[in-house]
Amino acid sequence: VLAAGVHDGVFVAAGDLTIASGADLSGLVVVGGDLSIEDGVHITGSIIVRGPGNTTIGAADLVFSPCAVAKALVQTPASRRLIRSQRRFIPAF
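What you are looking at is a predicted structure, and each value in this text was computed from that prediction instead of being measured. (Residues numbered from 1 in each chain as written. Predicted model: local features only at pLDDT ≥ 70, side-chain atom pairs only at ≥ 80, totals over all residues. Heavy atoms only, no water.)

*Asks:* Would you mind going over a nonpolar patch on the surface in detail, with residue names and values included?
*Replies:* A surface patch of nonpolar side chains, amounting to about 240 Å² of accessible area, comprises Val10, Val12 and Leu73. Here Leu73 is to be found in helix α1 (residues 66-75). (Patch = residues over 30% accessible without salt bridge, like charges linked within 9 Å, V, L, I, M, F, W, Y side chains within 5 Å. Areas by Shrake-Rupley, 256 points an atom, 1.4 Å probe, with all protein chains shown as cover. Salt bridge = Lys/Arg side-chain N within 4 Å of Asp/Glu carboxyl O. Helix = DSSP H or I, 4+ residues; strand = E, 2+ residues; numbered from the N terminus.)

*Asks:* Any chance you could break down the pairing of strand β5 (residues 42-49) for me, citing the residues and the numbers?
*Replies:* Each regular strand displays side chains that alternate between the two surfaces of the sheet. Pairing of strand β3 (residues 23-31) with β5 involves 8 bridges; the strand directions are parallel. Bridge pairing links Ser26 to Thr44 in β5. In this sheet, strand β7 (residues 61-64) lies alongside β5 in parallel orientation, the contact comprising 4 bridges. Looking at β7, one finds that His42 is bridged to Asp61. (Pairing = 2+ DSSP bridges.)

*Asks:* Help me get a handle on the side chain of Ser65, residues and values and all.
*Replies:* Mapped onto the fold, Ser65 is located in the loop between β7 and α1. The class of Ser65 is buried, set by a relative accessible area of 15%. Contact partners of Ser65, with chain neighbours within four places excluded, come to Thr44 and Gly45. (Buried < 20%, exposed > 50% of the residue type's maximum accessible area, 1.4 Å probe, protein only. Contact = heavy atoms within 4.5 Å.)

*Asks:* Account for α1, with residues named and values stated.
*Replies:* Taken together, the buried positions of α1 are Ala68, Val69 and Ala72. Buried residues of α1 fall within an arc of 100 degrees about the axis and therefore sit on the same side. In α1, the exposed positions that point more than 90 degrees away from the buried face belong to Cys67 and Lys71. Of the surrounding elements, those touching the buried residues of α1 are β1 (5-13), β3 and β5. (Arc of directions from axis to C-beta.)

*Asks:* Explain the nonpolar core to me, using residue names and the numbers behind them.
*Replies:* By size, the foremost hydrophobic cluster in this structure holds 13 residues, and its most contacted members are Leu17, Ile19 and Leu25. Breaking this core down by element, the ones donating at least two residues are β1, β2 (17-19), β3 and β4 (35-37). Sorting elements by how many residues they give to this core places β3 first, with 4 residues. Leaving out residues up to four positions away in the same chain, Leu17 has contacts with Leu2, Val29, Val31, Asp34, Leu35 and Ser36. (Core = buried A, V, L, I, M, F, W, Y, C linked by side-chain atoms within 4.5 Å.)

Spelled out as structure tokens, the structure:
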């Protein structure tokens, strides 16, 4: 369960994820199981549900923003190492 409050970054859940009412997220959310978004949630960025999980969305405010995703990925330590390396590509995973 991701509690209410302000959250920024990349969120990865191997299993089920419930985003509680009052949560304000900016970035990328990746879920491997069921995803439940309660009423009153605000997400700016992108959501990826991998696998056969069920998705339940209440009265939430979902805004797709490639800029928010890019900001979250750049702030992630692993991506900084890849970007600063001599590679001219970033592996997709």
